[in-house]
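# Coordinate analysis (summary)
Residue strings, one per chain:
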Amino acid sequence: MKSFKALLVASYGRHYLARAIEGEADISPQALYQVTSRGKQHLGAVGDILEVQETGPEQAVIEKILERKNLLYRSDAYKSKSIASNVDQILIVLATEPGFSPDLLGRAVIAAETAGIIPRIILNKCDLPNKLPAARKMLEPYIAMGYPVHEMSVKHDLASVEALLQHVQGRVSVLVGQSGMGKSTLLNALIPDAAAQTQEHSKKLDSGKHTTTACRYYDLPPAKESTSTKSFAGALIDSPGFQEFGLAHLSESELQHAFIEFRPLLGKCKFHNCSHGDEPGCVVRSAVDAGTISAQRVDLFRQLRHESHNADAIQAKLK
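To start, this report covers the structure provided alongside it. (Residues numbered from 1 in each chain as written. Predicted model: local features only at pLDDT ≥ 70, side-chain atom pairs only at ≥ 80, totals over all residues. Heavy atoms only, no water.)

Here the focus is the pairing of strand E1 (residues 3-12). Within E1, 8 of the 10 residues are buried, which leaves it mostly tucked inside the rest of the structure. Alignment of E1 against strand E4 (residues 49-56), held across 5 bridges, turns out to be antiparallel. Paired with Ala6 across the bridge in E4 is Leu50. When E1 meets strand E2 (residues 15-20), the two strands line up antiparallel, connected through 6 bridges. From the neighbouring strand, Leu7 faces E2, where its bridge partner is Arg19. (Buried < 20%, exposed > 50% of the residue type's maximum accessible area, 1.4 Å probe, protein only. Helix = DSSP H or I, 4+ residues; strand = E, 2+ residues; numbered from the N terminus. Pairing = 2+ DSSP bridges.)

This next bit is on the layout of surface pockets. Approximately 470 Å³ is the volume found for the second largest pocket. Taken together, 21 residues form the lining of the second largest pocket, with Gly13, Gly44, Ser80, Lys81 and Ser82 sitting closest to its centre. For the lining of the second largest pocket, the elements supplying multiple residues, two or more each, are strand E6 (71-75) and strand E7 (80-85). In terms of residue count, the dominant contributor to the lining of the second largest pocket is E7 (4 residues). Its residues assigned to classes, the lining of the second largest pocket comprises 9 nonpolar, 7 polar and 5 charged. (1 Å grid on protein atoms, 1.4 Å probe; cavity = no way out; pocket = protein on both sides within 12 Å on 5 of 7 lines; lining within 4 Å. Points joined across faces, edges and corners; volume = space filled by probe spheres on them. Nonpolar A, V, L, I, M, F, W, Y, C, P; charged D, E, K, R; others polar.)

What follows concerns the packing of helix H1 (residues 102-115) against helix H8 (residues 295-318). At a minimum axis separation of 11 Å, H1 and H8 run at an interaxial angle of 70°. By the angle between their directions, the pair H1 and H8 is classed as roughly perpendicular. Here Pro102, Asp103, Gly106, Arg107, Val109 and Ile110 of H1 come into contact with H8, specifically with Gln296, Arg297, Leu300, Gln303, Leu304 and Glu307. A class-by-class count of the residues in the contact of H1 with H8 yields 5 nonpolar, 3 polar and 4 charged. (Axes fitted to C-alpha atoms, helices over the stretch in contact; angles between N-to-C directions. Parallel < 35°, antiparallel > 145°, perpendicular 65-115°, else oblique. Contact = heavy atoms within 4.5 Å.)

The subject of this paragraph is the side chain of Ser239. By the secondary structure assignment, Ser239 is in the loop between strand E13 (235-238) and helix H6 (252-258). Under the relative-accessibility criterion, Ser239 is labelled buried at 2%. Here the side chain of Ser239 touches Leu175 through a polar contact of 2.6 Å, landing on its backbone oxygen. What Ser239 contacts, discounting residues up to four positions off in sequence, is Ile83, Leu175, Val176, Lys183, Ala214 and Cys215. (Polar contact = N/O pair within 3.5 Å; in protein donor to acceptor, adjacent residues only side chain to side chain.)

What follows is about helix H2 (residues 132-144). An ideal rise of 1.5 Å per residue puts 18 Å on 13 residues; H2 measures up with 18 Å between its terminal C-alpha atoms. A bend of about 40° at Met138 is the largest found in H2, and the proline Pro141 appears one to four places after it. For H2, the elements touching its buried residues are strand E8 (89-95), H1, strand E9 (118-124), strand E10 (149-151) and H8. Of the residues one or two after H2, Gly146 is the one with positive phi, at around 95°. (Expected span 1.5 Å × (residues − 1). Bend = angle between axes of the 7 residues up to and from the residue.)

Here we take up the packing of helix H3 (residues 158-168) against helix H4 (residues 183-190). Where H3 meets H4, the closest approach of the two axes is 10 Å, and the angle between their N-to-C directions is 75°. Considering the angle they form, H3 stands roughly perpendicular to H4. Counting all contacts with H3, which are made through Val161, Leu164 and Leu165, the residues of H4 involved are Leu186, Ala189 and Leu190. Looking at the contact of H3 with H4 residue by residue, the class counts come to 6 nonpolar, no polar and no charged.

Take a look at the structure:
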């Protein structure tokens, strides 16, 4: 049976769909394969480059997952769930209505910082003027820290879609967000044939029942000004909407460094293990009092620190 490299383009639990990479000998380029893993040793993520072995017509098994540039995932004390790998940026999709969770936004930014992925915040439904001021207020700490924020109305303002398009072309971006934020609408606006790509995936798996729990990889169309058929146009990885973003796998040190506004102050608190609560001599708390660091962000750090310590205690008991 043939062995070849393939890109993992859809994940449904431990059921995968992979696409043969162009240039592989004796393999039809872009051919889709149903791919399985042997036990738990090769748990894939959408965006992975795989070495697979053909086991039958349009069937293959994972032999190896090539080294990842990064891996975006969430976790609690008991398990972790991969979202995507080998990505350049994360598009955090929020909306003025229904109201978004600032907690989930903060966690997604921390996950991106830890994985070395650029976070880009999308504020959708900005055509609702009554809801816009409150949404902008919640984003002020992120704007102050320099995170890019795109105000959009995907359904009503094509210019805002065009403005975002230049930031996703030539990159692999992953879409994350709560349900109801307009993530699917944005996907379809950026990739007009996304529905056709979805249908192709579902047909290959002979089922659409996994659609709501699937992560999927979509190819962006070539840029209008591009004359090359070989240049990488970019891709979007769509993830299911979720209400929680656990980061129990992060250590306290990783958390400290993932809060970019903390970095200039690290090591300057009176106590080396300062929780940035009510300890004396806490420079982070002093910065909150001075208005240079958001109290909401410090509260998030303390919550994540608590979750990390709890996860360590639970894992110690399970051993």
